[in-house]
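Notes for the structure review
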Amino acid sequence: MPLVTTTEMFKKAYEGGYAIGAFNVNNMEIIQGITEAAQEVNAPLILQVSKGARAYANHTYLVKLVEAALQETGLPIALHLDHGDSFEICKQCIDGGFTSVMFDGSSLPYEENIKITRQVVEYAHAHGVVVEGELGTLAGIEDDVQVDAADASYTKPEEVQDFVERTGVDSLAIAIGTSHGAFKFKPGQNPQLRFDILEDIERRLPNFPIVLHGASSVPQDLVAKVNKFGGAMPDAIGIPEEMLRQAAKSAVCKINIDSDLRLAMTATIREHFAEHPADFDPRQYLKPARAAIKELVKHKLINVLGCDGKA
Ligand code: G3H
Ligand code: 13P
Ligand code: ZN
C-alpha cells in the first residue's frame, strides 16, 4: 500500500470517536519503534516531520525510512509536514512525496494566515495532498498570566468557519491550553484545557477534523528516570491522559506527540549508560531506546487514542 492521505483516517476517527496518533520522527529507531507498535495493535498512523527534523535527517532519508516502514507493516500511514512555516517548505514536501502538510500561520495576522494557507491548499490539492491549518497560538498558559492575555492565545471560535471556508483546509489545529514541550503546567497548578472552546468549535464546524498539538502527557515515571540518572527536569508536567482520552472522543481526530518520545528515548539511554558505563556501541543503547518508544506508543494507541484495531 502506498502512503495515504489523512482523509479516510479522519472520517473513520470522527465517526468512531477515536483519534489518530501523529508522532514526530527524525531517525530510524524512532520510526521503527512507532511503526512496530502500530503493527502489533493494527493502528493507522501519521508520521510527522518538523522543519528541524527535516534539516537534521535529510528529506530523502526520512521519506525512504517511512517507505521502508510502510513496506514492513502494510499499515495505512500518512507522511505529514509538521509546522510548515512557508509556502516553499510545504511545496518541497508536496513535491517530495509527503501526503499531508501543515501550514502554521498561527502567529501571522489573520488575513495573512488565510492568504498563505489558501495558496498552500491550492497547490496541495492539485497534487492530491491534504492540508492542516492553525488558528490560535500554542504556548505555556501560566496561572499568573492575566485571563485576557491568556484568552488571546486560545482559538477564537467565531473565526473558525470563516477560516475553513476561505482557505479550504482539510483539518484545523486549535489552541485550547495545550503547549509544546515537557513543561506544560507549573508544579501545583491544576492542569486545565478549554473543552468549552472545543465544543463551540465543534458546533460551528460539523463533521470537521480538529487537531490537538502539544499533547504529550509527560509520564512521571520517565521524568523520574531521566532525573535519577543525572537529568534536570524535575518540574516536567504534561496533559493528563484522561483529558486526552476525552479529546480523542470528540472532533479531535489527530493528536500530536513528540516530547513523550524524546523522554522515553532519553530516559532509557541515560539508564543504560548508568548501568553500562563502558558501552560504546550505539546499538547497545539504541535498541532499548527503540523498545521504550514502542512500549510508550502502544500504550498511547490502546489506552489514550483508542485507534487500536482501526487500520
Ligand atoms: O511541535 C514541535 C515538535 O515537537 C517538533 O519539534 O522543531 O524541535 O523538531 P522540533
Ligand atoms: P508535544 O511537545 O506535547 O509532544 O507536542 C508535539 C507537537 O505538537 C508537534 O507538532
Ligand atoms: Zn505542534
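Provided above is the structure to which this section pertains.
This report concerns the structure included in the present document.

Calculation notes
Residues numbered from 1 in each chain as written. Chains lettered and ligands numbered in written order. Predicted model: local features only at pLDDT ≥ 70, side-chain atom pairs only at ≥ 80, totals over all residues. Heavy atoms only, no water. Helix = DSSP H or I, 4+ residues; strand = E, 2+ residues; numbered from the N terminus. Buried < 20%, exposed > 50% of the residue type's maximum accessible area, 1.4 Å probe, protein only. Contact = heavy atoms within 4.5 Å. Near = heavy atom within 4 Å. Polar contact = N/O pair within 3.5 Å; in protein donor to acceptor, adjacent residues only side chain to side chain. Areas by Shrake-Rupley, 256 points an atom, 1.4 Å probe, with all protein chains shown as cover. Nonpolar A, V, L, I, M, F, W, Y, C, P; charged D, E, K, R; others polar. 1 Å grid on protein atoms, 1.4 Å probe; cavity = no way out; pocket = protein on both sides within 12 Å on 5 of 7 lines; lining within 4 Å. Points joined across faces, edges and corners; volume = space filled by probe spheres on them. Donors = N, O, S within 2.8 Å, 3.2 Å for Na, K, Ca; no water. Pairing = 2+ DSSP bridges. Axes fitted to C-alpha atoms, helices over the stretch in contact; angles between N-to-C directions. Salt bridge = Lys/Arg side-chain N within 4 Å of Asp/Glu carboxyl O.

1. Side note on the overall build of the protein
- Broken down by element type, the protein carries 13 helices and 8 strands.
- Taken along its principal axes, the extent of the C-alpha atoms in the protein is 60 × 50 × 35 Å.
- Burial statistics for the protein: of 311 residues in total, 53% are counted as buried.
- In the protein, 77% of the contacts between residues at least 6 apart in sequence involve partners at least 24 apart.

2. Some details on the site of ligand 1
- Close to ligand 1 lie N24, S50, D82, H83, H180, D258 and R262.
- Within the contact set of ligand 1, an oxygen atom lies 3.1 Å away from a side-chain nitrogen or oxygen of R262.
- About the coverage of ligand 1: the protein hides 63% of its 310 Å² of free accessible area.
- Grouping the amino acids of the shell around ligand 1 by side-chain chemistry returns no nonpolar, 4 polar and 3 charged.

3. Brief notes about empty space enclosed by the protein
- What the rule picks out here adds up to 1 cavity of 30 Å³ or more.
- The computed volume of the largest cavity comes to approximately 40 Å³.
- For the largest cavity, the full set of lining residues is T6, F10, I46, H80, S100, V130, V131, E132, D170, S171 and K254.
- Looking at the lining of the largest cavity element by element, the count peaks at 3 residues for strand β5 (residues 130-135).
- In terms of residue class, the lining of the largest cavity is built from 4 nonpolar, 4 polar and 3 charged.

4. Overview of the coordination of the zinc ion (ligand 3)
- At the metal site, the zinc ion (ligand 3) is ligated by H83 (NE2), H180 (NE2) and H213 (ND1), and these contacts range over 2.0 to 2.1 Å.
- Mapping the donors of the zinc ion (ligand 3) onto the primary sequence yields the spacing H-x96-H-x32-H. Of the two residues, H83 is situated in strand β3 (residues 77-84) and H213 in the loop between β7 (210-212) and α10 (220-228); the sequence distance between them amounts to 130 residues.
- Its relative accessible area of 1% is what places H213 among the buried residues.

5. A look at the sheet that holds β5
- The strand order around the closed barrel built from 8 strands is β1-β2-β3-β4-β5-β6-β7-β8, with neighbouring strands paired in parallel fashion. Taking each pair of neighbouring strands and ignoring which way they run, the sheet shows an average axis angle of 25°.
- Pairing between strand β1 (residues 20-24) and strand β8 (residues 252-257): 4 bridges, direction parallel. In the sheet register, A22 faces β8, and the bridge partner there is N256.

6. Some thoughts on the pattern of salt bridges
- Inspection of every chain in the model, using the stated rule, returns 19 salt bridges.
- For E241, the salt bridge is made with R245, and the minimal N-O distance between the two is 3.7 Å. Note that E241 and R245 are positioned in helix α11 (residues 241-249) at a spacing of 4 residues, about one turn of the helix.
- Among the residues examined, E241 registers a relative accessible area of 22% and is labelled partly exposed.
- On the basis of relative accessible area, R245 is assigned to the partly exposed category, the value being 24%.
- Among the salt bridges present, the one from K300 reaches D260, with a minimum N-O distance of 2.5 Å. Here D260 lies in helix α12 (residues 259-275) and K300 lies in helix α13 (residues 282-305), a separation of 40 residues in the sequence.

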